[in-house]
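Survey of secondary and tertiary structure
Here are the chains, one letter per residue:
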Amino acid sequence: MNYWLFKSEPSDYSFNDFISDKETCWEGIRNYQARNFIRDDIKKNDKVLFYHSNISEPHLIGLAKVVREAYPDHYSWDKTHKYYDPKSLPENPRWFMVDIKAAKKLKRIVYLKEIKKEPKLSEMILLNNSRLSIQPVKKHEWDLIIKMSNS
DNA sequence: GCCAACGTTGGC
DNA sequence: GCCAACGTTGGC
């Protein structure tokens with residue numbers, strides 16, 4: 001089983017929105033590195049940390065679980081949709097998505113500034129490639145973040 | 001709102 | 001295949 005971090009801007013889709021939906025498809029990924037993780041590496045039952053980005057105090061807020069592996073992002077075929085991409089065709093889809101199910105809120109929010117202070121987390125992609133919206137998390141990083149959220 | 005970092009596009 | 005121009009992300 002693998003661990004992941006998914007970013008979302010809360011003004012677009014917050015963890016509370018996710019909780020009320022219970023389950024969601026993660027559409028709109030239009031970056032090849034993130035696409036490759038979705039298409040090739042994210043597996044059913046993998047665990048996901050839900051991150052709120054592009055706000056004054058970015059933070060991790062909740063947990064989720066992968067419930068459906070990669071399938072084509074059909075929004076990329078919908079001319080009326082903001083995620084439309086004329087280069088993605090049903091017979092040769094360019095973009096993919098997975099479904100995730102909300103698990104629970106962290107007992108305590110873990111802020112980016114706390115993660116930055118923790119030497120053991122200094123190699124997280126979150127700190128080193130701030131633009132990647134889907135990223136793998138190492139088990140020791142995951143465990144420490146969970147521990148931080150419980151203290 | 002600014003802007004650095006980075007990815008993508010397209011002319012050559 | 002290079003690289004300048006442009007667009008986007010996301011911390012601050």
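The structure we're discussing is the one just above.
Now for a look at the structure at hand.

Parameters at a glance
- Position numbers for residues count from 1 along each chain, tracking the sequence in the order it is written.
- Labels follow written order: the first chain is A, the first ligand is 1, and so on.
- The predicted origin of the model limits local features to residues at a pLDDT of at least 70 and limits the giving and counting of side-chain atom pairs to 80 or more, whereas totals for whole chains, interfaces and linings rest on all residues.
- Side-chain numbers come from the whole structure's heavy atoms, not from hydrogens or water.
- Note on pairing: DSSP must find at least two bridges between two strands before they are called paired.
- Here a helix means four or more residues in a row that DSSP labels H or I, a strand means two or more in a row labelled E, and each is numbered from the N terminus.
- The convention used is that axes are lines fitted to C-alpha atoms, helices contributing only their stretch in contact, and that angles between N-to-C directions extend from 0 to 180 degrees.
- Whether a residue is near a molecule or strand depends on its heavy atoms: if one lies within 4 Å, it is near.
- Two N or O atoms form a polar contact when they lie within 3.5 Å of each other; inside protein one atom must be a possible hydrogen donor and the other a possible acceptor, and for residues adjacent in sequence the pair counts only when both atoms belong to side chains.
- Think of it as three bins: nonpolar holds Ala, Val, Leu, Ile, Met, Phe, Trp, Tyr, Cys and Pro, charged holds Asp, Glu, Lys and Arg, and polar takes everything else, Gly as well.

Moving on, we get to the sheet that holds strand S5 (residues 96–111). The six strands lie next to each other as S2-S5-S4-S3-S1-S6, forming an open sheet whose pairing is mixed. Strands at the two margins of the open sheet, each flanked by one partner only, are strand S2 (23–25) and strand S6 (134–137). Across the sheet, the mean angle from the axis of one strand to that of its neighbour is 35°, orientation sign disregarded. Bridge analysis of strand S4 (residues 59–72) against S5 gives ten bridges, and the strand direction is antiparallel.

What follows covers the protein's contact with DNA strand C. Around DNA strand C, a shell composed of Lys7, Tyr51, Ser53, Asn54, Pro58, Leu112, Lys116, Ser130 and Arg131 is seen. Backbone atoms, meaning sugar and phosphate, make up 68% of the atoms of DNA strand C lying within 4 Å of the protein. A distance of 3.0 Å is found between a phosphate oxygen of DNA strand C and a side-chain nitrogen or oxygen belonging to Lys7. Contacts to DNA strand C include Asn54, whose backbone N or O atom sits 3.0 Å from a phosphate oxygen. Classifying every residue of the surface near DNA strand C by side-chain character gives three nonpolar, three polar and three charged.

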